[in-house]
Structure formats: C-alpha cells, structure tokens
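Descriptive analysis of the structure
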Amino acid sequence: MSSQDLAKEARRRRTFAIISHPDAGKTTLTEKLLLYANAIHLAGEVKSRKNSRSTISDWMQMEQERGISISSSVLQFDYLGSALNLLDTPGHADFSEDTYRTLAAVDSAVMLLDHAKGVESRTLKLFEVCRMRELPVISFMNKLDREGLEPLALMDEVSETLNLQVTPINWPIGMGREFMGVVRLSDKQVFLFEESKRGSQVIDFKTMPLEEAIADIPPRLYQTLEEELELLEMAGDPYDHQKFLNGELSPVFWGSAKTNFGIQPLLEFLAEQTAPPAPRQTIDDNWIEPDEDKFSGFIFKIQANMNPKHRDRIAFMRVVSGQFERGIDTTIGRNGEKLRLSKPHSFMAQERAIVEEAWPGDIVGLYDPGKLRIGDTVSAGKPLQYSGIPRFAPEHFVRVHLEDPLKRKQLDKGLEQLSLEGVIQLFFDPEIGRQAPYLGAVGQLQFEVLKQRLQNEYGTRVSFQSLPYQVCRWVEGPPEAVTWLEARRDYKLVHDRNEQPVLLADSVWPLQYALNNTEGLVLHEIEPL
Ligand code: G4P
C-alpha cells in the first residue's frame, strides 16, 4: 500500500453522527440515508431490525423492555465515491454520556431539528459538546410535511440559541401539505418532489431553474418564496466552507425524513463536502496526520456482553492514522503492553463481519481481553497517547449496598471494571477511603444497567441508596480554595479515580457562592484533561 493510496482512502472517509432531541426523527433519517445510499432497498428495514433484535442478539434485555437503544452501533456505506461511517447514538437521554463519547470519534455531526419545535433541550446540550470539540455541524430541519415555524424565524432562533452562524444551502417551498420541494440557493435550481410509496422508496423529482418553476408552483407560494429569497440575499451571510470546517458556521438543509423530501441533497453534502478525517493531538502536543504510515487508533467505547453466549467485551476503536490490518501488533500507549488486534469486526447495526483492513476514520470493533480502557491509544509504531475522551459531570449519585457481604471482592472488581467501561463513575470520600465509593451517573438508567450487569456478570446483588447531590464539578485552584471548600458543610469534596478533587452539591447555587468567596477557584463541568 503506497502512501498515496493511504491518503486517498483517508480522504474519502466521512465519519459522522446525528444529534437530536428524542422524536425529532433520527431513526427515520438514518434509515433514509441508508435507503438513498443503496445500503438498504426498502425503508422499514432498519425499524424491523430494531424490533427483531432479540433474534440477532439479546445481550441487553433492558433495551428491549424499555424500548430504548442503549448501545451505539456503526453503519458503514458508500455514496458518490465516499465511504461514510455513521455512528449511531443512544436515543435515551439517560445514556447521553455514551453519546458524548461517540462525538469524540466523529469528524462532523448532523444536528436534526423538528422544525415545529426548534432547538430542544437535548439538542442544545449535544451541540455544546460539538462546539467544545470544534466539530463541523450540519443542520437538517425535519418534518416539513407538517406545519412548523416560519423558516426565517427558525433560522433566527437556531442562530440566537446556539450563538452560531447558520447558512441555508437550500430553501423550502411551502410547508405542511403544501411542502413541495426545495430551491438550491447557489444556483437557484428548483427541485420539486413527487410523493410516492409513502417514503419507503427513493422518490422522483423534477428539476428546473427558478424562473421556469413558476408554472409548477402555486402563485401564492411562489410569491412567498421570492420574498424570502430576496430577504436571504440581503441579510444572510454567504456560505463559507472553511468556517463550516472550523465549526463556526452550520449549513442548513430542509426536508422531511418521513416522505424522503430533501434527503438526497443532505446525503450529497455529507459525501462530498463534510469533513474528512482530521489529524489528532497526542498528550505531548504532537499532531498525528491520518496519512502517516504507522497505524494508530483510540478506544471510545467498550461494550461487554454484546453476545452473552461468549461473554465478550468489544472495544470500539476509531482509526486515526495509517492502514489497519487484521492481526496487526500494537502497543497500548497508557502502559506499553503489547496487543495483537486479531479478530477485528465491522458492524451493520448488530450484525458483525470480520474486517481485513480499515482506514483513518473507520470504526473497528476489537475483542478486548480485558486490557483496554476508554480513551486508550493503540499504535503500531512508537507508543502514542491521544488526548483522552472527556468525562462529563454526573447528575445522579448513589451509594451501593451489597446484599451478600461475602461478595465484597466481586463487587469491587465489578465496580472497577464497569467504571473503566464508562457504565458509571466512581468517587471516593477521602475520610472513608476506597471502601465505600460514591457512584455517579449522567442518567438514572445507568444505575439499572450497573445493577443488572453486577448480578449477571459478577454474581453480586446490590441495592442503591440515593444521595442528595445533583451537581458535580472538578475543582482546580490554589490549596487555600480547596481548604475553604473542605471546611464548608454545603459541599462535599470527594476524589475521582485519579485523586483529583471533585465537588458535589445539591444545586448550582452554592457554586456561585464558592466562586465569589475564593480566589483562583475554577469549577469544571467536564473533567480537565
Ligand atoms: P428518533 O429516532 O429521533 O426518536 O425519532 P424517530 O425517527 O423514531 O421518529 C419519531 C416520530 O417522528 C416517528 O413517528 C416518525 O415517523 C416521525 N417522523 C420522523 N420524521 C418525520 C417527518 O419528516 N415527518 C413527519 N410527519 N413525521 C416524522 P411515530 O408515530 O412515533 O412512529 P411511526 O408510527 O410513524 O413509525
């Protein structure tokens, strides 16, 4: 494999995730992207796969019982010569930590909004994570087949709420029952859709210059369209590709995932314009380019027991540089241990296939003999350590109670391993030591997953005692500030697994008080790396 081929393969990768509030249409859009890329032939297949997952794998009963998607899977498909990797993220807010970690492994994100609702709470939070990573974000305004906010008003809302420049790439013609197509703004080419087969198949469309569309668009809609286009031309900032790649501008698309209107322009943009794999920073401040000849990658997710019959642990790795080959010998940067990556897998939803090779931007599932942790770097050349995957402040805390005191060892082992997998976070009260940790989670359901897995995998039954804390911040500052915090009763100061001080409080109000009364105190919502 020449270095030219490596660079070519890397350049054609597009690794992205869809972020949205539940019910905005993420599953539907995912399915339609697959339909348009010819990866499935009839929409409805993804959903039916979702429903019949028990036959493929019943590795997590909870997912079924609650009808929520807990784990993230990876969908790989080709379109217009690009290789797209779509990282699916859990729909349920209680597993947002998983989504945050997934965002560390992508090069861009599609922000999906219901155009009747605008920016909803979860979209806002996920967008903040994208901004922290300076990820390019593409906006897709969904459900245009229903009535919603006026397009210009929606653009203003998004821009103001997210403090982000938004620039439409196309513009909707009508909405609700009258939604009939879009205009591509760069050349005023009109695309009029023809509804067919209730969205289960690729739809036909007619295309023509705007002046000629006057014959097909009802006069009232045409007039509104002309006015809106005029306003956009006067007020709107032009699309700037570099600003998009820097995460400063979001290109906006309009459509309806359900009826397939407007899917193709989004998919074309994803294939042709969105960000290819980026270089990645190591902890000693080197940047590793995707086309460097030595393979390297990092682990962003570990999932145990995907197949309960085999009791396996799969580590999801994002390839950062070089060519990955099955059986490659690597070093784990954290501790210098050697690891041969011998049974790599790719995933299409829950189905697996052996991977012989992979390229920067690709996601590979590795069998983990218990050696890997989230954030680990594996590399074939000299040992490397990429900057870690951040941990987010938990919002729920419990103490664990062991039902059978003789199982203490199993409990300790389970908590240790499951926290390394990111199921929960452990905190320690310096006065009590590591015996009775506080467990923190971003969502309550994480505790239920923990409980079930402790029972199934470690044979320990536990119950939880809720703690009153809802706010958690990593503390940075001079020793006097830390002493000040320790002396007060309205905060609890604990340590995380790396002995860093962490403050727990029952609301955000005491935080401001602490900041006002101490010098040099910094409180981080995301673990400082
Ligand atoms: P999610 O993964 O983001 O949670 O959303 P999902 O795709 O499951 O969609 C949530 C609901 O919104 C579904 O309706 C889906 O059909 C609907 N939906 C998605 N895109 C559009 C769209 O463009 N227009 C309209 N009108 N609806 C859309 P449901 O009633 O929950 O399920 P279903 O019976 O329709 O499958």
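Residues numbered from 1 in each chain as written. Predicted model: local features only at pLDDT ≥ 70, side-chain atom pairs only at ≥ 80, totals over all residues. Heavy atoms only, no water.

Moving on: the sheet that holds strand β7 (residues 170–173). Strand order in the open sheet formed by four strands is β7-β8-β9-β10, with antiparallel pairing between adjacent strands. Looking at which strands have only one partner, the edges of the open sheet turn out to be β7 and β10 (204–209). Taking the axes of each pair of neighbouring strands and ignoring which way they run, one obtains an average angle of 25° across the sheet. Bridge count between β7 and strand β8 (residues 181–184): four bridges; the pairing is antiparallel. Paired with Asn170 across the bridge in β8 is Arg184. With respect to the sheet, helix α9 (residues 219–235) is in contact with β7 and β8, its orientation differing from that of β7 by roughly 155°. (Pairing = 2+ DSSP bridges. Helix = DSSP H or I, 4+ residues; strand = E, 2+ residues; numbered from the N terminus. Axes fitted to C-alpha atoms, helices over the stretch in contact; angles between N-to-C directions. Contact = heavy atoms within 4.5 Å.)

Our focus in this paragraph is the packing of aromatic side chains. Counted by the stated rule, this structure contains 18 aromatic pairs. Considering the side-chain rings of Phe244 and Phe269, the 5.4 Å spacing of their centres and the 65° angle between planes classify their relative orientation as edge-to-face. In this pair, Phe244 is assigned in helix α10 (residues 241–245) and Phe269 in helix α11 (residues 263–272), connecting sequence segments 25 residues apart. Residues Phe244 and Phe269 agree in their burial class; the two are buried. Site record: aromatic cluster; members linked through ring pairs are Tyr239, Phe244, Phe253 and Phe269. Just above the ring of Tyr367 sits the side chain of Lys343; from NZ or CZ to the centre is 4.6 Å. (Phe/Tyr/Trp six-rings, centres within 6.5 Å; stacked < 30°, edge-to-face > 60°. Buried < 20%, exposed > 50% of the residue type's maximum accessible area, 1.4 Å probe, protein only. Lys NZ or Arg CZ within 6 Å of the ring centre and 35° of its normal.)

Our focus in this paragraph is the site of the ligand. Taken together, 15 residues form the shell around the ligand, and within it Asp23, Lys26, Thr27, Thr28 and Asp145 come nearest. Between Asn142 and the ligand, the recorded distance is 3.1 Å, taken from a side-chain N or O atom to an oxygen atom. Side-chain polar atom of Ser256 to an oxygen atom of the ligand: 3.2 Å apart, as the coordinates give it. In isolation the ligand exposes 710 Å². Once the protein is present, 68% of that is buried. Per-element accounting of the shell around the ligand gives the leading share, three residues, to helix α2 (residues 26–36). Among the residues forming the shell around the ligand, the class breakdown is three nonpolar, five polar and seven charged. (Near = heavy atom within 4 Å. Polar contact = N/O pair within 3.5 Å; in protein donor to acceptor, adjacent residues only side chain to side chain. Areas by Shrake-Rupley, 256 points an atom, 1.4 Å probe, with all protein chains shown as cover. Nonpolar A, V, L, I, M, F, W, Y, C, P; charged D, E, K, R; others polar.)

The final tally for this structure, using the stated rule, is 25 salt bridges. Of the charged contacts in the structure, one is a salt bridge between Asp107 and Arg318, with a shortest N-O distance of 2.9 Å. Of this pair, Asp107 sits in the loop between α6 (96–103) and β4 (108–114) while Arg318 sits in strand β15 (residues 313–321), and the two are 211 residues apart along the sequence. Note on Asp107: relative accessible area 8%, which makes it buried. (Salt bridge = Lys/Arg side-chain N within 4 Å of Asp/Glu carboxyl O.)

So far we have only geometry, and geometry alone does not tell us how the molecule works.
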